[in-house]
Amino acid sequence: MIIRNVRILGGEPVDIRVENGLIAAVTPAGAQPPAAGDQVVEGQGAVALPGLVDLHTHLREPGREDAETVQTGTQSAARGGYTAVHAMANTSPVADTAGVVEQVWRLGHEFGHCDVHPVGAVTVGLEGRQLAELGAMADSAARVRVFSDDGKCVDDAVLMRRALEYVKAFDGVVAQHAQEPRLTGGAQMNEGQVSGRLGLTGWPAVAEEAIIARDCLLAAHVGSRLHVCHVSTAGSVEILRWAKSKGWDVTAEVTPHHLLLTDDLVEESPVGAYNPIYKVNPPLRTRADVEALREALADGTIDVVATDHAPHPVEDKETEWSAAAMGMVGLETALSVVQEAMVETGLLDWAGVADRMSAAPARIGRLSGQGQPLQVGSPANIVLYDPSVRTEVDPSAFASKSRNTPYEGMTLPGRVVATFLRGKPTVLEGKLV
Ligand SMILES: [Zn+2]
């Protein structure tokens, strides 16, 4: 197969030859005419990036197949340019045993439109009382390296310390959902001026920052790897900057929505006040937080963009604010939101996007066949992206089973044209193959 006229990381136009799932040659566009029998894909000047890797996806299977399945979630991922996702453990049953992570891994093999890497729970049932079988999950066919109670925080410092010690044996990482539960009882949105005006219980920044500070110190104390999920405040950025300056092995992610949206949307938005489409954990914060997160992603204090794709059926989302589920879908809009927040603002170039959305997440997840540069010998995991168009977000066109996007009706830049998983197209001309 030959992919003609694409610009790797936005550079000069080239043709990419793919053989046996690998990149076999990269030559100046038009220099080598296709041979007879070649499958030709016309790139039309699209930007070529290494296939995106998500560290934080909720595929909902097993247990909530009404919201998403491994099949629809990975279709959604492929449409967004992803070639690998990490499937979070808060399923039903919880992915806290070798049996459940192998089940998810097998579903990924059978139905996946991208690679599926199960995340293992840190504690049994996500209950925060007893460590799960971390070693058995690491040794299983799923070869789990990322462990998280996401949705809940491992708030017990002793358990967190033990988990960090345990994962060192197999080079694993604990991905913490940083939320001190005693500071967020009944919390509905960011604690600040807007929550005060609306009379909604606030979610203070310190609830996130206190856990991040504690966990950085614990990770340093035991010499282990810590990853911080969905960082949302300017104060968290300062703590991470400090931890990294010490040389500690701490990484962090930010979601696309925390790079673009703010808490005043809860009060006033194109879809009205109190619209639960904006209800998410951690909550949307202030403009100053958004600015700090963008800067941190640009300077590498935050390593990764992760979607926290959280599909919910209509009945769980279109209800009154206090009863609505928390979360947003994100796989199919992630690259466009990152272009809007980071590329259009001059904070990241396409090489930077490739690092934060492919190379860095693959490195943190210890995925050897993902996140590699588009050069001869690399697996042909490629996304072709046209940054020149602007389109209105239409949730009815999503491959995801769920529609809970905060971007409905918004005009965002860019479009995923094609995605290739080890040379096999999963998306062509913007459509699933
Ligand atoms: Zn979370």
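In this report, the structure presented in the accompanying data block is examined. (Residues numbered from 1 in each chain as written. Predicted model: local features only at pLDDT ≥ 70, side-chain atom pairs only at ≥ 80, totals over all residues. Heavy atoms only, no water.)

1. Structural notes on helix 9 (residues 287-299)
Along an α-helix, residues three or four apart share an orientation, since each turn contains 3.6 residues. When the terminal C-alpha atoms of helix 9 are compared, their 19 Å separation across 13 residues agrees well with the 18 Å that a helix rising 1.5 Å per residue should span. Contacts from the buried residues of helix 9 go to helix 7 (234-245), strand 13 (250-254), helix 8 (256-260), strand 14 (304-305), helix 11 (334-343) and helix 12 (350-364). Looking one or two places after helix 9, you find Gly300, whose phi comes out positive at around 90°. (Helix = DSSP H or I, 4+ residues; strand = E, 2+ residues; numbered from the N terminus. Expected span 1.5 Å × (residues − 1). Contact = heavy atoms within 4.5 Å.)

2. Let's talk about the environment of Val41
Its location among the elements puts Val41 in strand 4 (residues 40-50). Here Val41 falls in the buried class, since its relative accessible area comes to 8%. Residues contacting Val41, with those up to four places away along its chain left out, are Met1, Ile2, Ile3, Arg4, Phe420 and Leu428. (Buried < 20%, exposed > 50% of the residue type's maximum accessible area, 1.4 Å probe, protein only.)

3. Side note on the packing of helix 11 against helix 12
Two elements in contact, helix 11 and helix 12, have axes separated by 11 Å at closest approach and are oriented at 130°. Of the possible angle classes, the one that applies to helix 11 and helix 12 is oblique. The two elements helix 11 and helix 12 cross, and the hand of that crossing is right-handed. Facing helix 11, whose interface residues are Ala334, Leu335, Val338, Gln339 and Val343, helix 12 presents Trp350, Val353 and Met357. Looking at the contact of helix 11 with helix 12, its residues break down into seven nonpolar, one polar and no charged. (Axes fitted to C-alpha atoms, helices over the stretch in contact; angles between N-to-C directions. Parallel < 35°, antiparallel > 145°, perpendicular 65-115°, else oblique. Left-handed = near helix turned anticlockwise from the far one by under 90°. Nonpolar A, V, L, I, M, F, W, Y, C, P; charged D, E, K, R; others polar.)

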